[in-house]
Amino acid sequence: MSSIIKKIALSGSAIFLLMQLYQPERNIDYVRVSPMHFFKTFSVPAKVQDVLQTSCFDCHSNNTNYPWYSYVQPVRMLMDSHINEGKENLNFSEFGTYSKRKQRSKLDRMIKQIKSDEMPLASYTMIHRNAILTNENKALLLKWIEKKSDSILANN
Amino acid sequence: MKNLIKMKKIILSTVLMAIVVVGCNQKNKQEESVNPEATENTSQLYSCPMHPEVTGKQGEECSKCGMELTEPVAQTETVSEEVKTVKVAATPFSATVDANVNDYLKVKNALVKDDSNGAAAAAKALLATFNAANTTSIDAKMKKEYIEIADDAKEHAEHIADNSGKIAHQREHFALLSKDMNDMIKTFGTNKKLYQDYCPMYDQGKSGYWISELTDIQNPYYGSEMLTCGGMVKEL
């Protein structure tokens, strides 16, 4: 009996150790910020920049601020799948490459997602407490995005 | 020594398992192809040799004189020929826009019925017609325009398709999809008679537009809750 437990524990830890060998490329831009970045497409006030940076950019840009446990598998794989999905839907680092139509529809989606508290994801803010949008920050963000969205609409 | 062999076995099996685990992580996305089945209507009408106004299926009797209906009705043939020539005259591209509009209207009608699953299925079909769009017959500038609109519309269709059960979320994307469809019809035109409708209640009056084939109001944003809320903005 004890040998079976031993076997399971041994193979389990062996799998865990082997998993650590899988360390794919990280989502970090190493300060080579794309000219198509959101902050270069629009002039964004510093306060709004800060909020976006702490609450959104980990999953919605080409530059994730990885925590220490991101070096541990399978945490990393879970994280990567989240980041990939996030970037697919909205990537602030490539916002300038979007058509005007897409930019507006993305701004519109941001407003809806923030208003309904769907973003930032609860599973994310559970660990990143500083990413939680305070009422003040939420209002700041919404006000700015709404203004931007309306101005794009007016120009088209 | 025996222990060593046992250990080797364990390590070997764990390596194998690890490979399997990693291998299983690579998801195989199955691409589904939607093949719209063409239903052909091949019922040929026959008329009475004495009373050409009496028509029916082959073998039936004339209601006036009781003679067998034997004369194939030429009228239906000419009608089908007319349809054919119309189709040939229209460019393949207007057919693309029409197909997009048709699928969009199915999404709309599912939302009118509060049918979240139906809307998802219809949006999936819309996505397929977008992906099958044939833009070879239009010039580069128009093509760019179409691709821009289609790219955005595809994203919204995808979200509607992926969120069956969350009808509020689907309706948010439907509002943006409706804007794309409106611009597409404005730019490329359509052979269909369509209307743009507007619900001032939805989204604080910001985005509650939709396109309908009906003259009366059937609200896709509220469905049964407020079925007739809104009004027609214009004919398209």
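Everything numeric here is computed off the predicted structure, so don't read it as measured data.

Caption draft 1: Region of the structure containing the overall build of chain A. Helix and strand counts for chain A come out as 8 helices and 0 strands. If you list the helices and strands of chain A from N to C, you get α-α-α-α-α-α-α-α. A sequence separation of at least 24 residues applies to 79% of the contacts in chain A between residues at least 6 apart.

Caption draft 2: Quick peek at the overall build of chain B. Regarding its fold elements, chain B presents 6 helices and 6 strands. Ordered by position from the N terminus, the helices and strands of chain B form the series α-β-β-β-α-α-α-α-α-β-β-β. For chain B, long-range pairs separated by at least 24 residues make up 55% of all intrachain contacts whose partners lie at least 6 apart in sequence.

Caption draft 3: Looking closely at the sheet that holds strand S5 (residues 209-212) of chain B. Residues and elements named next belong to chain B. Read from one edge to the other, the open sheet built from 3 strands follows the order S5-S4-S6, with strand pairing classed as antiparallel. Two strands close off the open sheet at either side, each with one partner strand: S5 and strand S6 (231-235). Adjacent strand axes in the sheet meet at a mean angle of 30 degrees when their direction is disregarded. Pairing of strand S4 (residues 195-198) with S5, which is carried by 4 bridges, proceeds in the antiparallel orientation. The residue bridging Tyr-195 from the neighbouring strand is Ser-212, located in S5. Running at roughly 55 degrees to S5, helix H6 (residues 167-188) makes contact with S4 and S5 of the sheet.

Caption draft 4: Fine view of the sheet that holds strand S2 (residues 55-56) of chain B. All names here are of chain B. Judged by pairing direction, the sheet is antiparallel, and its 3 strands sit side by side in the order S2-S1-S3 without closing on themselves. Looking along the sheet, the strands with just one partner apiece sit at the ends: S2 and strand S3 (71-72). Note that strand S1 (residues 46-47) and S2 share 2 bridges and pair antiparallel. Pairing of Tyr-46 across the sheet is with Gly-56, part of S2.

Caption draft 5: Broad picture of the confidence of the model for chain B. All names here are of chain B. On average, residues of chain B score 75 in pLDDT, and 73% of them reach the 70 mark or higher. S5 holds the highest mean pLDDT among the elements of chain B, 90, whereas helix H2 (residues 74-89) holds the lowest, 45. Predicted confidence is poor over residues 26-42, with pLDDT under 50, and the contacts of this stretch with residues over four places away or in other chains come to 2 contacts. Confidence drops under pLDDT 50 across residues 75-90; counting only partners more than four residues distant or on other chains, this segment forms 2 contacts.

Caption draft 6: Fine view of helix H3 (residues 46-55) of chain A. Within H3(A) the residues assigned to the buried category are A:Val51, A:Leu52 and A:Ser55. Down the axis of H3(A), the sector holding all buried residues measures 95 degrees, keeping them to one side.

Caption draft 7: Structural context of the nonpolar core. Ranked by size, the top nonpolar core spans 30 residues in total, and within it B:Tyr104, B:Val107, B:Ala119, B:Ala123, B:Ala157 and B:Ile160 carry the most contacts. Mapped by element, the contributors of at least two residues to this core are helix H3 (92-112), helix H4 (116-131), helix H5 (140-162), H6 and S5 of chain B. Per element, the largest residue contribution to this core is 8 residues, and it comes from H3(B). Non-local contacts of B:Ala157, meaning those with residues more than four positions away in its chain, are made with B:Ala123, B:Leu126, B:Leu127, B:Phe130 and B:Leu177. In this structure, A:Phe38, A:Phe92, A:Tyr98 and A:Leu141 belong to the second largest nonpolar core, which totals 11 residues.

Caption draft 8: Layout of the confidence of the model for chain A. In the predicted model, chain A carries a mean pLDDT of 86, and the fraction of residues at 70 or more is 97%. Mean pLDDT across the secondary structure elements of chain A bottoms out at helix H2 (residues 38-41) of chain A, with 84, and peaks at helix H4 (residues 57-60) of chain A, with 90.

Caption draft 9: Here's a closer look at the pairing of S4(B). Across 4 bridges, S4(B) lies against S6(B) in antiparallel orientation. Note on S6(B): the bridge partner recorded for B:Gln196 is B:Lys234.

Caption draft 10: Structural view of the packing of H5(B) against H6(B). All names here are of chain B. Their axes nearest at 9 Å, the elements H5 and H6 cross at an angle of 155 degrees. Between H5 and H6, the crossing angle belongs to the class labelled roughly antiparallel. Taken as a pair, H5 and H6 cross one another with a handedness that is left-handed. Across the interface between the two elements, Glu-145, Tyr-146, Ile-149, Asp-152, Ala-153, His-156, Ala-157, His-159 and Ile-160 from H5 touch Gln-170, His-173, Phe-174, Leu-176, Leu-177, Asp-180, Met-181, Asp-183, Met-184, Thr-187 and Phe-188 from H6. Each residue belonging to the contact of H5 with H6 can be placed in one class, and the counts come to 11 nonpolar, 5 polar and 4 charged.

Caption draft 11: Region of interest: the environment of A:Asp50. Residue and element names in this part refer to chain A. Looking at the secondary structure, you find Asp-50 in helix H3. Given 13 C-beta atoms within a 10 Å radius, Asp-50 is considered partly exposed. C-alpha of Asp-50 to C-alpha of Asn-137: the two residues are 87 residues apart in sequence and 9.8 Å apart in space.

Caption draft 12: Structural detail: the packing of H4(B) against H5(B). Residue and element names in this part refer to chain B. Orientation of H4 relative to H5, taken along the N-to-C sense of each, is 150 degrees, at an axis distance of 8 Å. Here H5 runs roughly antiparallel to H4, going by the angle between their axes. Helix-helix and strand crossings are classified by hand; for H4 and H5 the assignment is left-handed. Here Ala-119, Ala-120, Ala-123, Lys-124, Leu-126, Leu-127 and Phe-130 of H4 come into contact with H5, specifically with Ala-150, Ala-153, Lys-154, Ala-157, Glu-158, Ile-160 and Ala-161. The residue makeup of the contact of H4 with H5, split by class, is 11 nonpolar, no polar and 3 charged.

Cut-offs applied
Residues numbered from 1 in each chain as written. Chains lettered and ligands numbered in written order. Predicted model: local features only at pLDDT ≥ 70, side-chain atom pairs only at ≥ 80, totals over all residues. Helix = DSSP H or I, 4+ residues; strand = E, 2+ residues; numbered from the N terminus. Contact = placed C-beta atoms within 7 Å. Pairing = 2+ DSSP bridges. Axes fitted to C-alpha atoms, helices over the stretch in contact; angles between N-to-C directions. pLDDT = per-residue confidence, 0-100. Buried ≥ 20, exposed ≤ 12 C-beta atoms within 10 Å, placed from the backbone. Arc of directions from axis to C-beta. Core = buried A, V, L, I, M, F, W, Y, C linked by C-beta atoms within 7 Å. Parallel < 35°, antiparallel > 145°, perpendicular 65-115°, else oblique. Left-handed = near helix turned anticlockwise from the far one by under 90°. Nonpolar A, V, L, I, M, F, W, Y, C, P; charged D, E, K, R; others polar.

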